[in-house]
Amino acid sequence: MRITGISTHVVGTPWRNLTYVQVHTDEGLTGVGETRMLGHTDALIGYLREAAANHIEGSDPFAVEDLVRRMKYGDYGRAGEIVMSGIAVVEMACWDIKGKALGVPVWQLLGGKVTDRVKAYANGWYTTERTPEAYHKAAQGVMERGYRALKIDPFGTGHYELDHEQSLYAVSLIEAVRDAIGPDAELMLEMHGRFSPATAIRLARDLAPFRPAWLEEPVPPENLKALEKVAAKVDMPVATGERIHDRIEFRELFESQAVDILQPDVGHIGGIWETRKLAATAETHYMLVAPHNVGGPVLTAASLQVGFTSPNFKILEHFNDFADADIKKVVKGAPRVDPETGCFELSHEPGLGVELDVDAAAEFPQQQARFDLWAEGWEKRSPGGADA
């Protein structure tokens, strides 16, 4: 079996463009992959056009490791977000083809399952007025859908510092959310790399009574010493990793032991197998894995393959019940959260278990999707702002 070519399909919304890639073969099997780029969708498609000619066409889709290595190193230049995302979508599609050809789900090819379900947490649910009352009502809605966990960034447009009045308001939002979801649900606290270490530490202490399940990206991701400073002074798990695009670059996080939960994005770090390798290394450092997942149904399905096979997999992010819920229509067999358990249940369908509906995807043309975390109202995921 050989790859004959690829085709790309961009599904657009005002705050995110989702890029779907189909990999076609000479035996009639087609696989699908997906990623969500931040303002680089056209660059990704341009890269894939070149990579198709240089690396992909004529390759054996079963030889996933070989294809990934050639795409990563065969152009000599250092692979960054665009290249690693391009690798990811093609890699996912190859696993999908391999599973379909063999009649087994991808998780079976990765060593088999270690669990029958993966817990989900909701994001994109607080696209409402930024008040305690509105957030309380929205959080109740999340619980009514069966979720047992959710994430929130309550800090508005804060940057480095957050003044006393804004800090108190952020606390009031979290207090309302905790009251709405009860004492047992998990509440993930997102900082989006906003703050100085001192501010992050202060806010974490202010919010500690509401028992956050983790503190995510408390400081900008470029300075790991700053992250170590925060981790040493807060009494809650620290999570980070969505903006690291190469498995090798996690080495310093492992060495520092400053992080409890790693958050690679399967769509940016080279795909399913690269993420599974990272999870295995994390396991040797007693760290959990909870992938960043702002994609649609295909990226969710790909992330779940890692979840079903990784003993140290904690939970998976999920936007698609709340923000742009209609995009689930572009895929047949989209993963769903079981309202009885708050989890994704194991699928036995071959490959990734999903199929792209090209006609449905065409109903969501590419948009000038914007990401501006510092704009007022970003949390509503309107054209003026978006969530990372």
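Residues numbered from 1 in each chain as written. Predicted model: local features only at pLDDT ≥ 70, side-chain atom pairs only at ≥ 80, totals over all residues. Heavy atoms only, no water.

1. Comments concerning the overall build of the protein
Consideration 1: The secondary structure content of the protein amounts to 12 helices and 15 strands.
Consideration 2: For the protein, the C-alpha radius of gyration of 20 Å lies close to 21 Å, the compact-globule estimate for 388 residues.
Consideration 3: Taken over the C-alpha atoms alone, the protein extends approximately 60 × 40 × 40 Å along its principal axes.
Consideration 4: Split into buried and exposed, the 388 residues of the protein put 59% on the buried side.
Consideration 5: Look at the contacts in the protein between residues 6 or more apart in sequence, and 73% of them connect residues 24 or more apart.
Consideration 6: Carbon and sulfur atoms form 48% of the exposed surface of the protein, whose accessible area is close to 15,200 Å².
Consideration 7: Charged side chains of the protein number 39 positive and 57 negative; the gap between the two group centres comes to 2 Å. (Helix = DSSP H or I, 4+ residues; strand = E, 2+ residues; numbered from the N terminus. Rg over C-alpha atoms; globule rule 2.2 N^0.38 Å. Buried < 20%, exposed > 50% of the residue type's maximum accessible area, 1.4 Å probe, protein only. Contact = heavy atoms within 4.5 Å. Areas by Shrake-Rupley, 256 points an atom, 1.4 Å probe, with all protein chains shown as cover. Lys, Arg positive; Asp, Glu negative; His and termini not counted. Charge placed at Lys NZ, Arg CZ, Asp CG, Glu CD.)

2. Some points on the nonpolar core
The tendency in soluble globular proteins is for nonpolar side chains to be buried as a group.
Consideration 1: Membership of the largest hydrophobic core comes to 110 residues, with the highest contact counts inside it found for Trp125, Leu150 and Ile272.
Consideration 2: Sort the elements by how many residues they give to this core and helix 3 (residues 81-102) lands first, with 11 residues.
Consideration 3: Lining this core are residues from two domains, each supplying at least three of them: domain 1 (1-104) and domain 2 (106-350).
Consideration 4: Once residues within four sequence positions are removed from consideration, Trp125 is found in contact with Tyr135, Ala138, Ala139, Val142, Leu150, Lys151, Ile152, Val177 and Phe322.
Consideration 5: Within the second largest apolar cluster, nine residues are counted, among which are Tyr121, Ala149, Met188 and Ile261. (Core = buried A, V, L, I, M, F, W, Y, C linked by side-chain atoms within 4.5 Å. Domains from an automatic or database assignment.)

3. Examining the pairing of strand 2 (residues 17-25)
Consideration 1: Among the nine residues in strand 2, eight count as buried, and that is most of the element.
Consideration 2: The pairing of strand 1 (residues 3-12) with strand 2 spans nine bridges and is antiparallel. Each bridged residue has a counterpart across the sheet, and for Gly5 the counterpart in strand 2 is His24.
Consideration 3: Here strand 1 hands over to strand 2 after four residues, the two strands then running antiparallel side by side.
Consideration 4: Where strand 2 lies against strand 3 (residues 30-37), eight bridges are found, and the strand directions are antiparallel. (Pairing = 2+ DSSP bridges.)

4. Brief notes about the side chain of Glu242
Consideration 1: When you line up the elements, Glu242 lands in the loop between strand 8 (238-240) and helix 9 (251-256).
Consideration 2: Although buried, Glu242 forms no salt bridge, and the nearest oppositely charged side chain, Arg243, lies 4.9 Å from it. (Salt bridge = Lys/Arg side-chain N within 4 Å of Asp/Glu carboxyl O.)

5. Thoughts on the UniProt feature "domain: Mandelate racemase/muconate lactonizing enzyme C-terminal" (unreviewed entry) in the protein
Consideration 1: The UniProt entry lists residues 132-237 under the feature "domain: Mandelate racemase/muconate lactonizing enzyme C-terminal" (unreviewed entry), expressed in the numbering used here.
Consideration 2: Across residues 132-237, the secondary structure splits into 49% helix and 11% strand, with the terminal C-alpha atoms separated by 25 Å. (UniProt positions renumbered as here; feature names shortened; annotations may be inferred.)

6. Some points on the sheet that holds strand 1
Consideration 1: What the three strands build is an open sheet, ordered 1-2-3; its pairing is antiparallel. In this open sheet, the two strands that pair with only one neighbour each are strand 1 and strand 3. Direction aside, the axes of adjacent strands within the sheet are offset by 20 degrees on average.
Consideration 2: Strand contacts of helix 11 (residues 297-309): strand 2 and strand 3, with the helix running at about 105 degrees to strand 3, the strand carrying the most contacts. (Axes fitted to C-alpha atoms, helices over the stretch in contact; angles between N-to-C directions.)

7. A short note on the side chain of Thr199
Consideration 1: Along the chain, the position of Thr199 falls in helix 7 (residues 197-207).
Consideration 2: According to the relative accessible area criterion, Thr199 is buried, its value standing at 7%.
Consideration 3: Residues contacting Thr199, with those up to four places away along its chain left out, are Tyr160, Glu161 and Leu162.

8. Points about unusual backbone geometry
Consideration 1: At Arg211, a position not held by glycine, the phi torsion is positive, near 50 degrees.
Consideration 2: With respect to the element layout, Arg211 can be found in the loop between helix 7 and strand 7 (214-216).

9. As for the domain arrangement of the protein
Consideration 1: Annotation of the protein at the domain level lists domain 1 (1-104) and domain 2 (106-350).
Consideration 2: Summarising the inter-unit geometry, the C-alpha centres of domain 1 and domain 2 are found 25 Å apart.
Consideration 3: With 32 residues of domain 1 at the interface, the matching set in domain 2 holds 35 residues.
Consideration 4: Both faces considered, domain 1 and domain 2 share a buried interface measuring about 2,600 Å² in area, 62% of it formed by carbon and sulfur atoms.
Consideration 5: Its largest share of buried area at the contact with domain 2, domain 1 owes to Arg16, Trp95 and Val104, together 23% of the area lost on that side.
Consideration 6: On inspection of domain 1 and its partner domain 2, the count reaches four salt bridges.
Consideration 7: The partner of Glu65 in a salt bridge is Lys277, and the shortest N-O contact between them spans 2.8 Å.
Consideration 8: Put simply, the parts of the chain that give the side of domain 1 that touches domain 2 at least two residues each are strand 2, strand 3, helix 2 (64-73) and helix 3. (Buried area = accessible area lost by both parts, 1.4 Å probe.)

10. Some details on the environment of Thr157
Consideration 1: Tracing the chain through its elements places Thr157 in the loop between strand 5 (149-152) and helix 6 (164-181).
Consideration 2: Put simply, Thr157 and Glu379 are 222 residues apart on the chain and 9.6 Å apart in space, counted from C-alpha to C-alpha.
Consideration 3: With near-sequence residues (within four places) excluded, Thr157 lies in contact with Arg194, Leu373, Trp374, Ala375, Glu376 and Trp378.

11. Thoughts on the environment of Ile327
Consideration 1: Mapped onto the elements of the fold, Ile327 is located in the loop between strand 11 (316-318) and strand 12 (331-332).
Consideration 2: By relative accessible area, Ile327 is classed as buried at 1%.
Consideration 3: Each C-alpha atom, one on Ile327 and one on Gly241, is 26 Å from the other, the two residues being 86 residues apart in sequence.
Consideration 4: Leave out the neighbours within four places in its chain, and Ile327 touches Val11, Thr13, Arg16, Leu18, Gly296, Pro297, Asn320 and Phe364.

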